[in-house]
Amino acid sequence: MKTNNFFIVSTLLTVFFISCNKKKYTEVVEVPLPTAQEKITIGFPEDVRADPGSFLMDKLPYPYDALAPTVSPLTLETHYSKHYLTYTNNFNKAVAGTGLENLSIEEVLSQLDLNNTELRNNAGGYYNHGLYWKSMTPNGGGKPTDTIAAVIDRDFGSFENFKNTFTAEASRQFGSAWVWLVVDKSGKLQVTSTQNQDNPLMRNATIQGTPIIALDLWEHAYYLGYQYRRRSYIESFFNVLNWKKINEAYEATTRKKYR
Ligand code: MN3
């Protein structure tokens, strides 16, 4: 009898200790990123200053925490104040003395020498991020309205078809890339993608056109919030799309064409 009791008690203790250990282990895994550090790190977009140059940074049209949870505050702060700032400074350095510095950014991109990788990468990085900031807004998303809604229906059949096409194009990317909605040379909307910091305004683009939506698929754009779940970031992007601005960009493109 005594042996039996001892056996039962020790079994219960063993089970107890194992479950304690399991719990401890689980707690360690679930510890979130330190929020205290985020508070210290995050500043204000208006405090970011580029070096003097021909091209100015686009002002971020919302605070760093405005796009959460689609884009985490720390991601947006780092992206805008470090990555975008660096592209802008390096672009201004690379374009100086090329004879292109007084052109519009769209003209620079369509005319630049693709073998000049410093200029190509940084002019792309400068333009691409400017459009990415404008593609998004807090309380955005939903279905498009105005002209762009009708044109999406015309060229994709429906908004759902457009969304599926864009998501599929984004999901099949490998490595650092951008996904675009462009107005092509015939005025039709098309979804396309580019590698690195290239874009559809460059002469090497498979589908050339004027971009009106830009999605950054570099890891720095989503890794802190999503890690390996790139697909979740792509899906969440639709929750912050700025359809008002996208419609304006579409209308500006067609006006330019038929002017
Ligand atoms: Mn980026």
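Since the model is a prediction, treat every value here as computed from it, not as a measurement.

Caption draft 1: Main features of the overall build of the protein chain. Each helix and strand in the protein chain was counted, giving 10 helices and three strands. Out of the 259 residues in the protein chain, the part that is buried amounts to 43%. Of the contacts made within the protein chain by residues no fewer than 6 positions apart, 67% connect residues no fewer than 24 positions apart. Taken as a whole, the protein chain presents about 14500 Å² of accessible surface, with 56% of it coming from carbon and sulfur.

Caption draft 2: Spotlight on the pattern of salt bridges. The full count for this structure, using the stated rule, is seven salt bridges. Note that Asp 58 is salt-bridged to Lys 134, the shortest N-O span being 2.9 Å. Here Asp 58, found in the loop between helix 2 (35-41) and helix 3 (73-95), pairs with Lys 134, found in helix 5 (residues 117-135); they are 76 residues apart in sequence, far enough to count as distant. By relative accessible area, Asp 58 is classed as partly exposed at 26%. Taking the relative accessible area as the measure of exposure, Lys 134 reaches 36% and is therefore partly exposed. Across the pair Glu 169 and Arg 172 runs a salt bridge, and its minimum N-O distance is 3.0 Å.

Caption draft 3: Expanded view of the coordination of the manganese ion. Taken together, the protein ligands of the manganese ion are His 79 (NE2), His 129 (NE2), Asp 216 (OD) and His 220 (NE2), with distances of 2.0 to 2.1 Å. Mapping the donors of the manganese ion onto the primary sequence gives the spacing H-x49-H-x86-D-x3-H. Of this pair, His 129 sits in helix 5 while Asp 216 sits in strand 3 (residues 209-216); the two residues are 87 residues apart in sequence, bridging distant segments of the chain. According to the relative accessible area criterion, His 129 is buried, its value standing at 0%. Residue classification places Asp 216 among the buried residues on the basis of a relative accessible area of 0%.

Caption draft 4: Representation of the nonpolar core in the model. If you look at the biggest cluster of nonpolar residues, it comprises 65 residues, and the most contacted ones within it are Tyr 132, Phe 162, Leu 189 and Leu 215. When residues of this core are assigned to their parent elements, the largest contribution, eight residues, is made by helix 3. Ignoring any residue separated from it by four or fewer positions in sequence, one finds Tyr 132 in contact with Val 71, His 79, Trp 178, Ala 214, Leu 215, Asp 216, Ala 221, Tyr 233 and Phe 237.

Caption draft 5: Just the packing of helix 6 (residues 146-156) against helix 7 (residues 159-171), in detail. As a packed pair, helix 6 and helix 7 sit with axes 8 Å apart at the nearest point and diverge in direction by 70 degrees. Here helix 7 runs roughly perpendicular to helix 6, going by the angle between their axes. Listed contacts from helix 7 to Ile 152, Asp 153 and Phe 156 of helix 6 are Phe 159, Asn 161, Phe 162 and Thr 165.

Caption draft 6: Geometry of the pairing of strand 2 (residues 189-195). Of all seven residues in strand 2, five are buried; the element is thus mostly enclosed. Between strand 1 (residues 177-184) and strand 2, which pair antiparallel one after the other, the connecting turn spans four residues, and Gly 187 there sits at a positive phi close to 90 degrees.

Caption draft 7: Structural view of the sheet that holds strand 1. Taken in spatial order, the three strands of this open sheet run 2-1-3, and their pairing is antiparallel. Strands at the two margins of the open sheet, each flanked by one partner only, are strand 2 and strand 3. Here the strands of the sheet are splayed against their neighbours by 30 degrees on average, with no regard to which way each runs. Examined bridge by bridge, strand 1 and strand 3 share seven bridges and lie antiparallel to one another. Bridged to Val 183 within strand 3 is Thr 210. Strand contacts of helix 5: strand 1 and strand 3, with the helix running at about 75 degrees to strand 3, the strand carrying the most contacts.

Here is what the cut-offs are and how they apply
- The residue numbering used here restarts from 1 in each chain and proceeds along that chain's sequence as written.
- Residues qualify for local features only when their pLDDT is at least 70, as the model is predicted, and side-chain atom pairs are given and counted only at 80 or more; totals for whole chains, interfaces and linings, by contrast, use all residues.
- To get the side-chain values, all heavy atoms of the structure are used, and hydrogens and water are removed first.
- Secondary structure elements are taken from DSSP: a helix is a run of H or I of four residues or more, a strand is a run of E of two residues or more, and numbering for both begins at the N terminus.
- Three exposure classes are used, based on accessible area relative to the maximum for each residue type with a 1.4 Å probe and protein chains only: buried under 20%, partly exposed in between, and exposed over 50%.
- Throughout, a residue-residue contact means that at least one pair of heavy atoms, one from each residue, lies within 4.5 Å.
- For the accessible areas, the method is Shrake-Rupley and the probe is 1.4 Å, while residue cover comes only from the protein chains on display.
- Any carboxyl oxygen of Asp or Glu that lies within 4 Å of a side-chain nitrogen of Lys or Arg is treated as forming a salt bridge with it.
- Nitrogen, oxygen and sulfur within 2.8 Å of a metal are treated as its donors, or within 3.2 Å for sodium, potassium and calcium (Na, K, Ca); water is not counted, so a site can appear incomplete.
- Here, nonpolar core refers to any group of buried Ala, Val, Leu, Ile, Met, Phe, Trp, Tyr and Cys residues whose side-chain atoms link them within 4.5 Å.
- Where helices are involved, their axes are fitted lines through C-alpha atoms of the stretch in contact, as for all axes, and angles between N-to-C directions lie from 0 to 180°.
- Working definition: roughly parallel below 35 degrees, roughly antiparallel above 145 degrees, roughly perpendicular at 65 to 115 degrees, and oblique for all remaining angles.
- Pairing between strands is defined by DSSP: at least two bridges between them are needed.

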